[in-house]
Number of protein chains: 2
Amino acid sequence: MAAVYAGPVQDLIDELGRLPGIGPKSAQRIAFHLLKLGRDDALRLARAIAEAKERVAWCVRCFNVSEGDLCGICEDARRDPSVVCVVEEPRDLVAVERTGEFRGRYHVLGGAISPIEGIGPDQLRVRELFARLEPEGITEVILCTNPNIEGETTAMYLARLLKPLGVRTTRIASGLPVGGDLEYADELTLGRALEGRRDVDA
Amino acid sequence: MAAVYAGPVQDLIDELGRLPGIGPKSAQRIAFHLLKLGRDDALRLARAIAEAKERVAWCVRCFNVSEGDLCGICEDARRDPSVVCVVEEPRDLVAVERTGEFRGRYHVLGGAISPIEGIGPDQLRVRELFARLEPEGITEVILCTNPNIEGETTAMYLARLLKPLGVRTTRIASGLPVGGDLEYADELTLGRALEGRRDVDA
């Protein structure tokens, strides 16, 4: 096989294969795609990576991605500083932003509590969250971690610490996805949907 | 949204989204993964792309990827020059090499005939294949294009041109995959398997 894949091709396949969600087959496909591309088009990706690593850092306040000390959201004076939405990763923040429903600030934990992976509160930006409460006058923390075991554990952990401080602590609702089908819902989701039922205003 | 994704992050997501098989969600996931990675780890991918574009070219004879004028296979004196396996892309060549069953040389067409995509024989390395027949003393051409409409069309097109030249022209067999299940085979594949049936040597 050594003769088939020249060194740099194998190196490229190896590096691509390290990306999340990219298996060996996809890595190979992408590598050959890049080799077939015009030089400029392929190097644009290389430059975009270098550029992003060069210019993008983490917001010192909420740990969102940011080009300056503070991210665009933290710098935006129209955002309500008293409500903070706690998410696991910047991509979750983006998902919440897309709803257009939230006008407060964020706090990115950098993951969720996972004993199996050896991630405890100390590996997350938990201390940084509590340090924000007083100076920013935060009155509500919305726990917006993922509705899976790790996310729920993290939410419960934070709720237990936040409640005694008199900060309103809320958790996003679990239930059937909009447009979803009752028949195909799993029991856990449907159970949550029942549990979280609300009065109908007629 | 402009404030959420800083310029370089969006640029990176856009560039990743242009890769084959990478949708917008995967592009976002990979981008944040790269941003979270250590600087050196992320830049290794950028360098691997640049390096591959710098050092890897196409074999002047068979159009496989190559670091020199000729690829490793064309340079290998133990390969039989009289049998040529015609494939669409370098990744198909790799698939054939993996079988360990083929000891001849290759010819990479660079695609398949596809009227819908506007790809005719002139866009492929067909002329280059015919130019090899005489000087290399090629006696058999194995048509190893994909068993789909484009690949079959290409194989039939080449077969029609090759036959009058007295070159043995063969096509890889279509049929049930090894370990496959008759019950779950689609009609076309099963039909091909019947059509391509062989006498059993007892």
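Everything below is about the structure printed above this text.
Source: prediction; values computed, not measured. Residue positions are counted from 1 within each chain, in the order its sequence is given. All chains are assigned letters beginning at A, and all ligands numbers beginning at 1, according to the order in which they are written. Owing to the predicted nature of the model, reporting of local features is limited to residues with pLDDT of at least 70; listing and counting of side-chain atom pairs is limited to 80 or more, with chain, interface and lining totals taken over all residues. The basis for the side-chain values is all heavy atoms of the structure; hydrogens and waters are excluded.

**Student:** Teacher, can you tell me more about the packing of helix α2 (residues 24-36) of chain A against helix α5 (residues 90-99) of chain B here?
**Tutor:** Two measures define how a pair of helices packs: the angle their axes make with one another and the distance between the axes. The contact between α2 of chain A and α5 of chain B brings their axes to 9 Å, and the two run at 135°. In terms of orientation, α2 of chain A lies oblique with respect to α5 of chain B. Here Gln-28, Arg-29 and Phe-32 of chain A of α2 of chain A come into contact with α5 of chain B, specifically with Pro-90, Arg-91, Val-94 and Arg-98 of chain B. Each residue receives one of three labels: charged for Asp, Glu, Lys and Arg, nonpolar for Ala, Val, Leu, Ile, Met, Phe, Trp, Tyr, Cys and Pro, and polar for the others, Gly being one of them. In the contact of α2 of chain A with α5 of chain B, the residues fall into three nonpolar, one polar and three charged. Angles run from 0 to 180 degrees between N-to-C directions of axes, and those axes are lines fitted to C-alpha atoms, restricted for helices to the stretch in contact. Elements are defined by DSSP. Helices are runs of H or I of four residues or more, strands are runs of E of two residues or more, and each kind is numbered from the N terminus. Between 65 and 115 degrees an angle is taken as roughly perpendicular, under 35 as roughly parallel, over 145 as roughly antiparallel, and anywhere else as oblique. Whether two residues touch is decided by their heavy atoms; if any such pair falls within 4.5 Å, the residues are in contact.

**Student:** In this structure, what is going on with the pairing of strand β4 (residues 104-108) of chain A? I would like to understand it.
**Tutor:** Regular strands show a simple pattern: their side chains alternate between the two faces of the sheet. Residues and elements named next belong to chain A. Summary of the burial criterion: residues with accessible area below 20% of their type's maximum are buried, those above 50% are exposed, and those between are partly exposed, where the area comes from a 1.4 Å probe applied to protein chains only. Within β4, five of the five residues are buried, leaving the element largely enclosed by the surrounding structure. Strand direction decides the pairing type here: strand β3 (residues 80-87) and β4, joined by five bridges, are parallel. By the bridge assignment, Val-86 is partnered in β4 with His-107. A pair of strands is considered paired only if DSSP assigns at least 2 bridges between the two.

**Student:** Can you walk me through the sheet that holds strand β6 (residues 168-171) of chain A in this structure?
**Tutor:** Pairing between the strands of a sheet comes from backbone hydrogen bonds, and it takes one of two forms, parallel or antiparallel. Residue and element names in this part refer to chain A. One open sheet holds the four strands; their spatial order is β4-β3-β5-β6, and the pairing between them is parallel. The open sheet terminates on both sides in strands that have one partner only, identified here as β4 and β6. Each strand of the sheet is rotated relative to its neighbour by a mean of 25°, with strand direction disregarded. Lying over the sheet, helix α5 (residues 90-99) contacts β3 and β4, oriented at roughly 160° with respect to β4.

**Student:** What should I look at first to understand the relation of the copies chain B and chain A in this one?
**Tutor:** For these two chain copies, the linking operation is a rotation about an axis paired with a shift along it. Turning chain B through 179° and shifting it by 0.0 Å along the axis lays it on chain A, with an RMSD of 0.1 Å. Given the turn and translation reported, the copies of this chain are related as if by a two-fold rotation axis. The C-alpha atom lying nearest the rotation axis in chain B is that of Ala-46 of chain B; the distance is 2.1 Å. Counting the interface residues of chain B, we find that 100% of their copies in chain A are interface residues as well, pointing to one common contact surface. Least-squares superposition of the copies uses the C-alpha atoms of those residues scoring a pLDDT of at least 70 in each of them.

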